[in-house]
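# Per-entry structural report
The lines below spell out each chain.
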Amino acid sequence: MSANSNLATLEATGISAWFGDRQVLNNVSLVMPAGVITSLIGPSGCGKSTFLRILNRMHELVPSASLAGEVKLDGEDVYDPNKKITEARRNIGMVFQKPNPFPAMSIYDNVIAGLKLTGVEADRDTKDELVQTSLERAGLWNEVKNRLRAPGGGLSGGQQQRLCIARSLAIKPRVLLMDEPCSALDPTSTRVIEETMLELVQDVTIVIVTHNMQQAQRVSQQCAFFLASQGTPGVIVEYGDTDAMFSFPQDPRTTDYVNGRFG
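Here we summarise the structure given alongside this text. As the structure is a computational prediction, the values presented were derived from the model and not from experiment.

Within the protein chain, the regular secondary structure consists of 10 helices and 10 strands. In terms of overall size, the protein chain behaves like a compact globule, its C-alpha atoms giving a radius of gyration of 18 Å where 263 residues would be expected to give roughly 18 Å. In terms of principal-axis extent, the alpha carbons of the protein chain reach across some 55 × 45 × 35 Å. Relative to its full complement of 263 residues, the protein chain shows a buried share of 50%. Carbon and sulfur atoms make up 48% of the accessible area of the protein chain, which amounts to about 12100 Å² in all.

Here we take up the environment of Leu10. Tracing the chain through its elements places Leu10 in strand 1 (residues 10-19). Given a relative accessible area of 0%, Leu10 falls into the buried group. Residues in contact with Leu10, not counting those within four places in the same chain, are Leu30, Val31, Met32, Leu55, Val71, Lys72, Leu73, Ile92, Val175 and Leu177.

Two measures define how a pair of helices packs: the angle their axes make with one another and the distance between the axes. At a closest axis distance of 7 Å, the pairing of helix 3 (residues 107-117) and helix 6 (residues 157-170) adopts a crossing angle of 40°. Looking at the two axes, helix 3 sits oblique to helix 6. Handedness of the crossing formed by helix 3 with helix 6: right-handed. Packed against helix 3, whose contacting residues are Ile107, Asn110, Val111, Ala113 and Leu115, the element helix 6 presents Leu163, Ala166, Arg167 and Ala170 at the interface. Classifying every residue of the contact of helix 3 with helix 6 gives seven nonpolar, one polar and one charged.

In this structure, the largest pocket occupies an estimated 460 Å³ of space. In terms of lining residues, the largest pocket is bounded by 19 residues, among which Arg89, Met94, Gly114, Leu117 and Ile171 are the most central. Contributions of two or more residues to the lining of the largest pocket are made by helix 2 (85-91), strand 6 (92-95), helix 3 and helix 6. Partitioning the lining of the largest pocket into residue classes produces 10 nonpolar, seven polar and two charged.

Turning our eyes to something else, we now look at unusual backbone geometry. One can expect most non-glycine residues to show negative phi and most peptide bonds to be in trans. At Asn27, a position not held by glycine, the phi torsion is positive, near 55°. For Asn27, the position within the fold is in strand 2 (residues 22-32). Phi at Glu180 is positive, roughly 45°, even though this residue is not glycine.

What follows is about the environment of Asn91. You can see Asn91 is positioned in helix 2. Sequence-distant contacts of Asn91, that is, excluding residues within four places in its chain, are made with Leu73, Pro173, Arg174 and Val175.

Looking now at the sheet that holds strand 5 (residues 76-77). A sheet is described by the order of its strands in space; here four strands give the open sequence 2-1-4-5, paired in antiparallel fashion. Whereas interior strands pair on both sides, the edge strands pair on one side only; in this sheet they are strand 2 and strand 5. As judged from the two bridges shared by strand 4 (residues 65-73) and strand 5, these two strands associate in the antiparallel manner. Looking at strand 5, one finds that Lys72 is bridged to Asp77.

Let us now look at the pairing of strand 7 (residues 175-179). Of all five residues making up strand 7, five are buried, and the element is well covered by its neighbours. Both faces of strand 7 are covered, namely the face carrying Val175, Leu177 and Asp179 and the face carrying Leu176 and Met178. Both strand 7 and strand 8 (residues 205-209) contribute to a ladder of five bridges, which runs parallel. Paired with Leu176 across the strands is Ile206, a residue of strand 8. Note that the unit made of strand 7, helix 7 (residues 187-200) and strand 8 has a crossover that is right-handed.

Here we take up the sheet that holds strand 6. Read across the sheet, six strands follow the order 6-7-8-3-9-10 without closing on themselves; strand pairing throughout is mixed. The open sheet is flanked by strand 6 and strand 10 (235-241), the only strands paired with a single partner. The sheet shows a mean angle of 15° between the axes of neighbouring strands, direction not considered. Across the face of the sheet, helix 7 comes into contact with strand 3 (37-41), strand 7 and strand 8 while running at roughly 150° to strand 8.

The next subject is the environment of Asn56. Mapping Asn56 onto the fold places it in the loop between helix 1 (48-55) and strand 4. Setting aside anything within four residues of it in sequence, one finds Asn56 in contact with Ala88, Arg89, Ile92, Met94 and Leu177.

A few words now on the packing of aromatic side chains. Applying the stated criterion across every chain yields a total of two aromatic pairs. Here Phe225 and Tyr257 contribute two aromatic rings whose centre-to-centre distance is 5.0 Å and whose plane-to-plane angle is 20°, an arrangement assigned as stacked. In this pair, Phe225 is assigned in strand 9 (residues 222-227) and Tyr257 in helix 10 (residues 252-258), connecting sequence segments 32 residues apart. For Tyr257, a relative accessible area of 4% corresponds to the buried category. Of note, Arg149 hangs over the ring of Tyr108, and the distance from its end group to the ring centre comes to 4.2 Å. Lying across the ring of Phe102, Arg167 places its NZ or CZ 4.9 Å from the centre.

Calculation criteria
- Residues numbered from 1 in each chain as written.
- Predicted model: local features only at pLDDT ≥ 70, side-chain atom pairs only at ≥ 80, totals over all residues.
- Heavy atoms only, no water.
- Helix = DSSP H or I, 4+ residues; strand = E, 2+ residues; numbered from the N terminus.
- Rg over C-alpha atoms; globule rule 2.2 N^0.38 Å.
- Buried < 20%, exposed > 50% of the residue type's maximum accessible area, 1.4 Å probe, protein only.
- Areas by Shrake-Rupley, 256 points an atom, 1.4 Å probe, with all protein chains shown as cover.
- Contact = heavy atoms within 4.5 Å.
- Axes fitted to C-alpha atoms, helices over the stretch in contact; angles between N-to-C directions.
- Parallel < 35°, antiparallel > 145°, perpendicular 65-115°, else oblique.
- Left-handed = near helix turned anticlockwise from the far one by under 90°.
- Nonpolar A, V, L, I, M, F, W, Y, C, P; charged D, E, K, R; others polar.
- 1 Å grid on protein atoms, 1.4 Å probe; cavity = no way out; pocket = protein on both sides within 12 Å on 5 of 7 lines; lining within 4 Å.
- Points joined across faces, edges and corners; volume = space filled by probe spheres on them.
- Pairing = 2+ DSSP bridges.
- Right-handed = clockwise from strand over helix to strand, strands pointing away.
- Phe/Tyr/Trp six-rings, centres within 6.5 Å; stacked < 30°, edge-to-face > 60°.
- Lys NZ or Arg CZ within 6 Å of the ring centre and 35° of its normal.

Here it is, written out as structure tokens:
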């Protein structure tokens, strides 16, 4: 099942961000091409997760948060005042660092939870098909197909994270944002999630924040290195082809970071 016509390019231009009067990002621009996994790397506190949340309007949920700049999905302004926030969330899904299924809700209901939130109506057959397809795409179907009515909270950590991926996929997003999706998982679960991402990217553009250099090299085709020097907001120091950036970084700070000298 390939929905390549659905693939979208995400483009952020001149993004600056604040929490209250503390600026955390300064004039960040990045094109995240359709059908590519872009990884955002850099030490803690340099604005990677904030940037990710700006891409689907989650940043504005923080009471003191503000931003400047623009985000476009295939040329359409994500922050267009005439567009509903649910539209941004439907087109641009999100998977968080800690798996967050609804623990008491069944595996089946977890997968379709996003439909209600984004106002999508579906009959029982459609839901059944959607649950199966989403779980298959998240690499979880074979493990849970005989216990779809069991609570989502009863799954292992790695399975819960794949359930969250299935939940995001069920609303058929064009972009999937992943904020350190493997940081709470063991190496085996991490490998499964990475394999899942490499399959998904044929149908959905992926942007991942990761602290794991090896992960960035394994899964992403494009990489952006964020850095915030003492007391200054985060900027992108360098971005481009992942292999090139790790093999021949253009900036000495990138060289130091990818070689583990700080961060």
